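Chain and residue survey
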Amino acid sequence: MIRLSAVSRRISFKWGARGLASAVGNLPNSKSPIVSKLNFFNAVQNDSGLIPTFRVLDGTGKLIDGAELPEIDEKLAHRMYENMQLLPTLDNILYNVQRQGKISFYMTSHGEEATIIGSAAALALDDEVLGQYREMGVLLWRGFGVDNVMAQCFGNEEDTSGKGRQMPVHFGSPKHHFHTISSPLATQIPQAAGVGYSLRRSPNRRGRSIAACYFGEGAASEGDFHAGLLLASTIPSPTLYIARNNGFAISTPSSEQFYGDGIASRGPGYGIDTVRVDGNDVLAVLAAVREGRRSVGHHSTSDDSFAYRARAEVEDRKRIDNPIVRFRLFMESQGWWNAEAEEELKTRLKAEVMASFKRAESIKRCELGELFTDVYGGEEPWNIKEQREELIGLLKKYGEVWEPWRTELAKFKNSGQDLLKP
Amino acid sequence: MGLAEEFGKERVFNTPLTEQGIAGFGIGLALMGHTAIAEIQFADYIFPAFDQIVNEAAKIRYRSGGQYNVGGLTIRTPTMSVGHGGLYHSQSPEGFFMGASGLKIVIPRSPIQAKGLLLGSIRDPNPVIFMEPKILYRSAVEQVPVDDYELPLGKAEVLVPGSDLTLLTWGTPVYHCEAALHMLASPSPSLESLIPTSLRSAKIELIDLRSILPWDVEAVTESVKRTGRLVIVHEAGMTAGVGAEISAEVQKRCFLKLNAPVKRVTGWE
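Residues numbered from 1 in each chain as written. Chains lettered and ligands numbered in written order. Predicted model: local features only at pLDDT ≥ 70, side-chain atom pairs only at ≥ 80, totals over all residues. Heavy atoms only, no water.

Each helix and strand in chain A was counted, giving 13 helices and seven strands. A separation threshold of at least 6 residues defines the contact pool for chain A, and within that pool the share at least 24 residues apart is 74%. (Helix = DSSP H or I, 4+ residues; strand = E, 2+ residues; numbered from the N terminus. Contact = heavy atoms within 4.5 Å.)

Attention shifts here to the confidence of the model for chain A. Of the residues in chain A, 90% reach a pLDDT of 70 or more, and the chain-wide mean stands at 90. Per-residue pLDDT stays below 50 along residues 1-19 of chain A; that stretch engages in four contacts with residues further than four places along the chain or on separate chains. (pLDDT = per-residue confidence, 0-100.)

With that settled, the discussion passes to the packing of aromatic side chains. Residue and element names in this part refer to chain A. According to the stated counting rule, one finds 17 aromatic pairs over all chains in the structure shown. Here the aromatic residues Y81, F327, F330, W336 and W337 are joined through ring pairs into a cluster of three or more. Between the NZ or CZ atom of R79 and the centre of the ring of W141, over which it lies, the distance is 3.8 Å. (Phe/Tyr/Trp six-rings, centres within 6.5 Å; stacked < 30°, edge-to-face > 60°. Lys NZ or Arg CZ within 6 Å of the ring centre and 35° of its normal.)

Listed by partner, the interface residues are 43 residues for chain B and 52 residues for chain A. Together, the buried faces of chain B and chain A total about 3800 Å²; carbon and sulfur atoms form 58% of this surface. Between chain B and chain A we count four salt bridges in total. Salt-bridge contacts for E10(B) lead to R201(A); the nearest nitrogen and oxygen are separated by 2.9 Å. Counting the contacts that link chain B with chain A gives 23 residue pairs in polar contact (both at pLDDT 80 or more). Residue assignment for the side of chain B that touches chain A shows that the elements contributing at least two residues are α2 (19-31), α3 (50-57), α4 (60-63) and α11 (242-254) of chain B. Considered class by class, the residues forming the side of chain B that touches chain A number 16 nonpolar, 17 polar and 10 charged. (Buried area = accessible area lost by both parts, 1.4 Å probe. Salt bridge = Lys/Arg side-chain N within 4 Å of Asp/Glu carboxyl O. Polar contact = N/O pair within 3.5 Å; in protein donor to acceptor, adjacent residues only side chain to side chain. Nonpolar A, V, L, I, M, F, W, Y, C, P; charged D, E, K, R; others polar.)

Structural data, given as structure tokens:
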């Protein structure tokens, strides 16, 4: 015992001489303070409470205590509201169309209208958007048009997103700076970091444009979420990550998806500025995304190796209140809306969508030959050439005599003749 | 190598240790038309990036109707055995990617080939996986021209012309095949009794495939139709390796000209 304390005294004397004896100060080369009490932590907030949620409007459309109204005029409010209403109008029709078997698949935007339109309105029209599958609202905001939506869902020859190759709602449009959706979840997250970095590397977009990446709370369980945020924060990239948390990943509730304080608690783990927002409050989303965009775009011009990227987690509570109603009540309180305007809008939108649907239903698919194009750029490899020839041979043999094939061919523009008589 | 000093850290940089992140980031850059050259430290570790490579990079052009593409992406990775690498620093995973239509796969055998094929890969309008046999980094030495030159993708090269048998391989085994040809022609005294004299004058045609996807089916079938025999050599294991695909295609096209079944000499499993 005596020997031990003698040793420790000797050692602490030596350490004292080197300034390591005290319990205060930091780990070498670090801002991490030294403490003498063993303490496990499990919360991002200092008071160990949950991360708070930012909100501007209450459920009746009134500003909550202390809230500031984001910059918005009647014109912008109308445009936002109209797009928010267009989503359920499209959803109601296309959801039923899918149930009837006329299209194979559909993802509604139910409950997420404020999240999507609020964020779309806050972004610049040429900010690069990488979505998951519930971001049709961003495309509508940017002028993609209902006809293009229908064309993609029906996979007809007007489908500019993908020539009818992909399942419904897999939109894409370079013109609208909306990257083509793919089915595997979360793959867009690290890609968004690379897209953001490319903006930094482009003189005419540096400091002006950002990449905005959307994903759901379920997709945030994927490894790509971790990889993507890591890359975006360390490289670093002017990328804004928007997590839509609606409490469900298809049929898996959030309670079975994660154990921590939502997705927001993960942001600080990557050194990323984070905010949690009430996703049913379109003005809160608008304000938060505007600020996130400003912060992210600003940092892209600096050469900090340790810079911050913003991330917003948007919580939906679709069962509790309706985002569209909430915003409508706000507009009415400003004198910007009334029952007549509501009636007129709903009638107009429904007529527009129905007309577009009826038209899209009867349009044929792309020419059959498009099955083999766009696999490679440049010279077409021999295997693609030969496989096309194989189909041509089969068509020549069975195309006219075998009734199921004849029916199927008729669905394509020119009924396969582009292959048979090039 | 001094690349970061010469070109700056915005263009040449380290990344966190996440292959799926590296691949995804490279895809993002390429989506915007930039050139991205991503390195996966060992081909054995490319599997976390498999989803990004196969489901995304390979399919972006097709799924977007040609509106988007990631032709600007090249993934470089050291491959094949080095002697002391064990299970996880020795693999040849090119076979796993051969089925991902939309990708290209290139494997050089030497410095001169590597420079030309790498420039060709970077400039090719498709995503390319460029697999560099790591054991050759220090052992293969050549006078590499300093000017700009490209070698074509999708084209094999005949290294030794022959008429009796076609020997097809790529990467490190090219050198083992060359050595085997010498041993066959003039075996050492200890092996003499095992190699019939009649075989020693065989003229073997040695072909370096160079590109695995798309592969030069024309060159290979032209050769096999002349020689009537094919031996494929690759380091990767037998089952469902690249040799299996080539064998199937060659037996289809050269069936009546073959004097023997196609033989595969591969890594054991």
